[in-house]
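Structure assessment
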Amino acid sequence: QVQLVESGGGLVQTGGSLRLSCAASGRTFSSYAMGWFRQAPGKEREFVAAISGNAGSTRYADSVKGRFTISRDNAKNTVYLQMNSLKPEDTAVYYCAADPRPLLLIGGSPPMRYWGKGTLVTVSL
């Protein structure tokens, strides 16, 4: 069982930056691929970024490439999402997720195995 707790959300102006953190429980954090997903009001949840267990590989949604960076610190059981050049369309609840499958197999269906409760990011005009 993996428990995930996100933090770092808030209100930011267009063009600003935020860094989200996700703290994970458990002793096998490095064996899980980690991902960030988001759900905007009235929309379906969508994939944002993911990182492999050893941090050697990453994947991004086209909508955030070049603006967002996912990273992880396995010694701290924490994954991060650095978000720069934020846009109003980035407004959403951001969820952290963990899965034991390889990086290439996550992000779509079936969904990630473990999920946090989310943190709200609001980007104002």
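One can find the structure itself at the top, above this paragraph.
Parameters and conventions
Residues numbered from 1 in each chain as written. Predicted model: local features only at pLDDT ≥ 70, side-chain atom pairs only at ≥ 80, totals over all residues. Heavy atoms only, no water. Salt bridge = Lys/Arg side-chain N within 4 Å of Asp/Glu carboxyl O. Helix = DSSP H or I, 4+ residues; strand = E, 2+ residues; numbered from the N terminus. Buried < 20%, exposed > 50% of the residue type's maximum accessible area, 1.4 Å probe, protein only. Polar contact = N/O pair within 3.5 Å; in protein donor to acceptor, adjacent residues only side chain to side chain. Contact = heavy atoms within 4.5 Å.

Looking now at the pattern of salt bridges. Summed over the entire model, instances satisfying the criterion amount to five salt bridges. Across the pair Arg-38 and Asp-90 runs a salt bridge whose closest N-O atoms are separated by 2.9 Å. On the criterion of sequence distance, the pair formed by Arg-38 in strand β4 (residues 33-39) and Asp-90 in the loop between β8 (78-83) and β9 (92-99) is long-range, its members being 52 residues apart. For the pair shown, Arg-38 and Asp-90 are each scored as buried. A salt bridge links Asp-62 to Lys-65, with the shortest nitrogen-to-oxygen separation between them at 3.2 Å. Salt bridges sharing common partners tie together Arg-38, Glu-46, Arg-67 and Asp-90.

Attention shifts here to the side chain of Asp-90. In this structure Asp-90 comes out as buried when scored by relative accessible area, which is 0%. Looking at Asp-90, its side chain comes within polar contact range of the side chain of Arg-38, at 2.9 Å. Those residues in contact with Asp-90 that sit more than four places away from it in its chain are Arg-38, Arg-67, Phe-68, Ser-85, Val-121 and Val-123.

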